[in-house]
Amino acid sequence: MSAGGDPRALIRGLKQTLRELAAEGLDTLPRPPALPIDASPAPTAPLDRAPETGATAPIAAPVAAPVAAPEAAPVATTSAPGIETLEAIRTDLGDCRRCGLCETRKQLVFGEGSPQASVVFVGEGPGADEDRTGRPFVGRAGQLLDKMIEAVGWRREDVYICNVVKCRPPGNRNPEQQEISTCRPFLDRQLRAIAPRAIVTLGKPAAATLLGRSIAITRERGTWREWEGVPLMPTFHPAYLLRSYTRENRQAVWDDLRAVRARIDGS
């Protein structure tokens, strides 16, 4: 038996190799990398036969770790500022038959103005002129609202105007709670889509709806409140001013709108 095949000589050579490695500071031998479960080992030459002359042992290509697919952006399923458009909300509203107001209305009055408005004016419900034209605040109260808006340096097309309910209550009565509750989600979505810097509620029903509580408009008007973090100013409805067109009431609304304009300009 040759020295190369003597087991004792092999053991002595192995010990010498280990001593040399220990002298270099290597006290452990690294394990060869494990093959992936689904990978087959690279073919090797049979143990009883050397590789053919000039042939090189095949080198297995590194198996890349699987890369997770990028997480898809969540699909917006609820209203959020800047995501849902007014057009989408109007399409969802459709030819609304969700409450009894659909039985007596002529037209649904969704709202109009700039989708990027800094201020939104919210009334309680359409009147006869609005029901006829399909536009909010176009009757006598609307003409007065236009003058109020212009008095503080805005134009009607720069703001957004809508109502709590989108159909005219019979006889111009105040909307009932069930009617408000049915239409309220669409108002909230409008406000979130526009994301204004201030909201002006016109009259008691609009303020009470967005504040979520009963109010006395004579005590609440002129006091800053909030709707979902947006500053909200309650003031008198233009129709109330037409019925009680006193200097005191006109001055109160003028002061309220000037405060809103100053807050928006300051922000």
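Each value, and the rule that gives it
Residues numbered from 1 in each chain as written. Predicted model: local features only at pLDDT ≥ 70, side-chain atom pairs only at ≥ 80, totals over all residues. Heavy atoms only, no water. Helix = DSSP H or I, 4+ residues; strand = E, 2+ residues; numbered from the N terminus. Buried < 20%, exposed > 50% of the residue type's maximum accessible area, 1.4 Å probe, protein only. Contact = heavy atoms within 4.5 Å. Areas by Shrake-Rupley, 256 points an atom, 1.4 Å probe, with all protein chains shown as cover. Pairing = 2+ DSSP bridges. Axes fitted to C-alpha atoms, helices over the stretch in contact; angles between N-to-C directions. Expected span 1.5 Å × (residues − 1). Arc of directions from axis to C-beta. Core = buried A, V, L, I, M, F, W, Y, C linked by side-chain atoms within 4.5 Å. Salt bridge = Lys/Arg side-chain N within 4 Å of Asp/Glu carboxyl O. Parallel < 35°, antiparallel > 145°, perpendicular 65-115°, else oblique. Left-handed = near helix turned anticlockwise from the far one by under 90°. Nonpolar A, V, L, I, M, F, W, Y, C, P; charged D, E, K, R; others polar.

Student: For this particular structure, what's the right way to read the overall build of the chain?
Tutor: Within the chain, the secondary structure is distributed over nine helices and six strands. Residue burial in the chain is summarised as follows: out of 267 residues, 37% are buried. Counting contacts in the chain only where the partners sit at least 6 residues apart, residues at least 24 apart contribute 69% of the total. Per element, the accessible surface of the chain, about 16600 Å² overall, is 54% carbon and sulfur.

Student: Just to check I follow, could you spell out unusual backbone geometry for this structure?
Tutor: With the exception of glycine, the majority of residues adopt a negative phi angle, and the majority of peptide bonds are in the trans configuration. Located in the positive-phi region is F137, a residue other than glycine, with phi close to 55°. With respect to the helices and strands, the residue F137 is situated in the loop between α3 (128-133) and α4 (140-151). Despite not being glycine, E228 has its phi angle at roughly 50°, a positive value.

Student: I keep staring at the sheet that holds strand β5 (residues 225-227) and nothing clicks. Help me out?
Tutor: In sheet architecture, strand pairing relies on hydrogen bonds along the backbone and comes in two forms, parallel and antiparallel. Read across the open sheet, the six strands follow the order β1-β3-β2-β4-β6-β5; overall the sheet is mixed. Each having just a single partner strand, β1 (112-113) and β5 make up the two edges of the open sheet. One ladder, built from three bridges, connects β5 with strand β6 (residues 230-235); its direction is antiparallel. Opposite W227, over in β6, you have V230 as the bridge partner. Running over the sheet, helix α6 (residues 204-211) touches β2 (119-123), β4 (198-202), β5 and β6 and is turned about 135° from β4.

Student: What am I meant to see in helix α9 (residues 247-266) here?
Tutor: Residues spaced three or four apart along an α-helix face the same direction, because each turn holds 3.6 residues. Its 20 residues place the ends of α9 28 Å apart at the C-alpha level, agreeing with the 28 Å of an ideal helix rising 1.5 Å per residue. Along α9, the residues classified as buried are N249, A252, V253, D256, L257, V260 and I264. Seen along its axis, α9 keeps its buried residues to an arc of 120°; they face one direction. Turned more than 90 degrees away from the buried face of α9, the exposed residues are R247, E248, D265 and G266.

Student: Could you clarify how one ought to interpret the nonpolar core in this entry?
Tutor: Generally speaking, nonpolar side chains in soluble globular proteins are found buried as a group. By size, the foremost hydrophobic cluster in this structure holds 56 residues, and its most contacted members are F121, V122 and W154. If one sorts the elements of this core by residue count, helix α5 (residues 177-194) sits on top with seven residues.

Student: Would you mind showing me how to read α6 here?
Tutor: Counting buried residues along α6, seven of its eight residues qualify, which places the element largely inside the surrounding structure. Those residues of α6 not exposed but buried are P205, A206, A207, A208, T209, L210 and L211. Taken together, the buried residues of α6 touch β2, α5, β4, α7 (217-220), β5 and β6. Just downstream of α6, G212 is the residue with a positive phi angle, here 75°.

Student: What should I look at first to understand the pattern of salt bridges in this one?
Tutor: All told, the structure shown has 19 salt bridges when counted by the stated rule. Across the pair D129 and R132 runs a salt bridge, and its minimum N-O distance is 3.3 Å. In this pair, D129 and R132 both sit in helix α3, three residues apart, roughly one turn of the helix. With a closest N to O distance of 3.0 Å, D265 and R261 form a salt bridge. Residue D265 and its partner R261 are both found in helix α9; the two are separated by four residues, about one turn of the helix. The class for D265 is exposed, based on a relative accessible area of 51%. A network of salt bridges, in which partner residues are shared, links E112, R135, D146 and R156.

Student: How should the pairing of strand β3 (residues 160-163) be read in this particular structure?
Tutor: Looking along a regular strand, one sees side chains alternate from face to face of the sheet. Neither face of β3 is exposed, since Y160 and C162 on one face and I161 and N163 on the opposite face are all buried. Both β1 and β3 contribute to a ladder of two bridges, which runs antiparallel. Residue pairing in the sheet places E112 in a bridge with I161 of β3. Strand direction decides the pairing type here: β2 and β3, joined by four bridges, are parallel. In the strand pairing of β3, V120 is matched with Y160.

Student: Honestly, the environment of I149 in this entry has me stumped. Any pointers?
Tutor: One can find I149 in helix α4. The class for I149 is buried, based on a relative accessible area of 0%. Residues I149 and W254, 105 residues apart in the sequence, show an inter-C-alpha distance of 9.7 Å. When residues no more than four places from it in sequence are discounted, the contact partners of I149 are F121, W154, R155, R156, V159 and I161.

Student: Could you clarify how one ought to interpret the packing of helix α2 (residues 86-93) against α5 in this entry?
Tutor: Axes are the key here: two packed helices are described by the angle between their axes and the distance separating the axes. Direction vectors running N to C along α2 and α5 enclose 165°, while the axes themselves pass 9 Å from each other. It follows that α2 is roughly antiparallel to α5 by the angle criterion. Seen along the crossing, α2 lies across α5 with a hand that is right-handed. Contacts from L86, I89, D92 and L93 of α2 reach α5 at F186, R189, Q190, A193 and I194. Partitioning the contact of α2 with α5 into residue classes produces six nonpolar, one polar and two charged.

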